[in-house]
Amino acid sequence: MSEQEVLVEIRGHVGWIQLHRPKALNALHMGLIKQLANHLEELDGNDDIRCIVLKGDSKAFAAGADIDEMAESSPIDLIRKEFFGDWQRIRNIKKPVIAAVSGYALGGGCELAMCCDMIIASENARFGQPEIKLGVIPGAGGTQRLTRAVGKVKAMEMVLTGSTISADEALKAGLINRVVPVDQLEEETSKLADKIASHPPIAVHLAKQAILKALDVPLEYGLQFEQHLFYLLFASEDQREGMKAFIEKRKPDFSGR
């Protein structure tokens, strides 16, 4: 795999990652996913980075997995390769990750977008899980995250038919945050990322943890977890700075400590 299949750019406190296989519509193979996980972890460990954006190009965020890589695999091959191991690394990123989706987000591409914390889509975006047409099912979280996002009946329709939905349909179903014109996707995504990056990094990180926990545990446990993180933030310098700035009617200067 060429290193240029994954491009990284730093813009202030935001790290931008671009999938760059234009001839293959950014189809995902194991080497690309590993490179993506490496770059995400590097940005996650960089104290200057407070938010991450993942994008493709105007034609495709990612049009699915690289079928040639999987077609002749056996179950043992996939287990031995730890086929989904690097996907777990992507799910473990602590900082907020925004997917900027234009064009196709199908199969693994849709699953990758759903691994992110928010999704901004352009008007030409298409989302779908067409794996059923290949004799398999989604394997990187498609049946689970899609159901949590859009509900059982819509997820059933998308997965069992393999049909795609438009950006507007995805918005109505609750899969994405908003739809913007194609030529404004990067600008609108940048506004959201910069706004998140302006807030105290520790509080942002713990807020993300709390929201993700809500998907997995009963309400009572989730409330206890939230309260624990709330108390913990009173040990941070940013909590003191934020409240002091509010009282003094000035803009806070968050340090990430």
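For the structure itself, look to the data block above.
It should be emphasised that the depicted structure is a prediction, and the values quoted were computed from it without experimental measurement.

## Thoughts on the packing of aromatic side chains
Think of a pair of aromatic rings as described by two things: how far the centres are apart, and how the planes are tilted against each other in angle.
Here is step 1: What the rule picks out here adds up to two aromatic pairs.
Here is step 2: For the pair phenylalanine 230 and tyrosine 231, a centre-to-centre distance of 6.1 Å together with 65° between the ring planes defines the contact as edge-to-face.
Here is step 3: Residue classification places tyrosine 231 among the exposed residues on the basis of a relative accessible area of 57%.
Here is step 4: The residue whose ring lies beneath arginine 11 is tryptophan 16, and the NZ or CZ to ring-centre distance is 4.0 Å.

## Some words on the sheet that holds strand β1 (residues 6-11)
Here is step 1: One open sheet accounts for six strands, arranged β1-β2-β3-β5-β7-β10; its pairing is mixed. Every other strand in the sheet has two partners, leaving β1 and β10 (178-180) as the edge strands with one partner each. Averaged over all pairs of adjacent strands, the angle between strand axes in this sheet comes to 20°, irrespective of strand direction.
Here is step 2: Alignment of strand β7 (residues 118-122) against β10, held across three bridges, turns out to be parallel. Each bridged residue has a counterpart across the sheet, and for serine 122 the counterpart in β10 is valine 180.

## Some words on a negative patch on the surface
Here is step 1: Together, Glu123, Asp168, Glu169 and Asp183 line one region of the surface with negative charge.
Here is step 2: Note that aspartate 183 resides in the loop between β10 and α9 (185-197).

## A word on the side chain of arginine 21
Here is step 1: For arginine 21, the location among the structural elements is in the loop between β2 (14-19) and α1 (30-44).
Here is step 2: For arginine 21, a relative accessible area of 17% translates into the label buried.
Here is step 3: A polar side-chain atom of arginine 21 sits 2.7 Å from the main-chain carbonyl oxygen of alanine 27.
Here is step 4: What arginine 21 contacts, discounting residues up to four positions off in sequence, is Glu5, Asn26, Ala27, His29, Leu32 and Asp66.

## Let's talk about the layout of surface pockets
Here is step 1: The calculated volume of the largest pocket comes to roughly 1,200 Å³.
Here is step 2: Cys115, Cys116, Asp117, Leu212 and Leu215 are, among the 38 residues lining the largest pocket, the residues nearest its centre.
Here is step 3: Of all the secondary structure elements, the ones that give two or more residues to the lining of the largest pocket are α4 (85-91), α5 (108-115), β7, α6 (142-150) and α10 (201-214).
Here is step 4: By residue number, the principal contributor to the lining of the largest pocket is α10, which donates eight residues.
Here is step 5: Counting residues domain by domain, the lining of the largest pocket receives three or more from each of domain 1 (6-197) and domain 2 (200-248).
Here is step 6: In this structure, the second largest pocket occupies an estimated 790 Å³ of space.
Here is step 7: Around the second largest pocket sit 35 residues that line it, and Ala65, Ile67, Met70, Phe83 and Val136 are the ones nearest its centre.
Here is step 8: For the lining of the second largest pocket, the element with the most residues is helix α2 (residues 67-70), which contributes three residues.
Here is step 9: Of the residues contributing to the lining of the second largest pocket, the split by class is 22 nonpolar, six polar and seven charged.

Basis of the calculations
Residues numbered from 1 in each chain as written. Predicted model: local features only at pLDDT ≥ 70, side-chain atom pairs only at ≥ 80, totals over all residues. Heavy atoms only, no water. Phe/Tyr/Trp six-rings, centres within 6.5 Å; stacked < 30°, edge-to-face > 60°. Buried < 20%, exposed > 50% of the residue type's maximum accessible area, 1.4 Å probe, protein only. Lys NZ or Arg CZ within 6 Å of the ring centre and 35° of its normal. Pairing = 2+ DSSP bridges. Helix = DSSP H or I, 4+ residues; strand = E, 2+ residues; numbered from the N terminus. Axes fitted to C-alpha atoms, helices over the stretch in contact; angles between N-to-C directions. Patch = residues over 30% accessible without salt bridge, like charges linked within 9 Å, V, L, I, M, F, W, Y side chains within 5 Å. Areas by Shrake-Rupley, 256 points an atom, 1.4 Å probe, with all protein chains shown as cover. Salt bridge = Lys/Arg side-chain N within 4 Å of Asp/Glu carboxyl O. Lys, Arg positive; Asp, Glu negative; His and termini not counted. Charge placed at Lys NZ, Arg CZ, Asp CG, Glu CD. Polar contact = N/O pair within 3.5 Å; in protein donor to acceptor, adjacent residues only side chain to side chain. Contact = heavy atoms within 4.5 Å. 1 Å grid on protein atoms, 1.4 Å probe; cavity = no way out; pocket = protein on both sides within 12 Å on 5 of 7 lines; lining within 4 Å. Points joined across faces, edges and corners; volume = space filled by probe spheres on them. Domains from an automatic or database assignment. Nonpolar A, V, L, I, M, F, W, Y, C, P; charged D, E, K, R; others polar.

On their own, these measurements won't tell you what the molecule is for.
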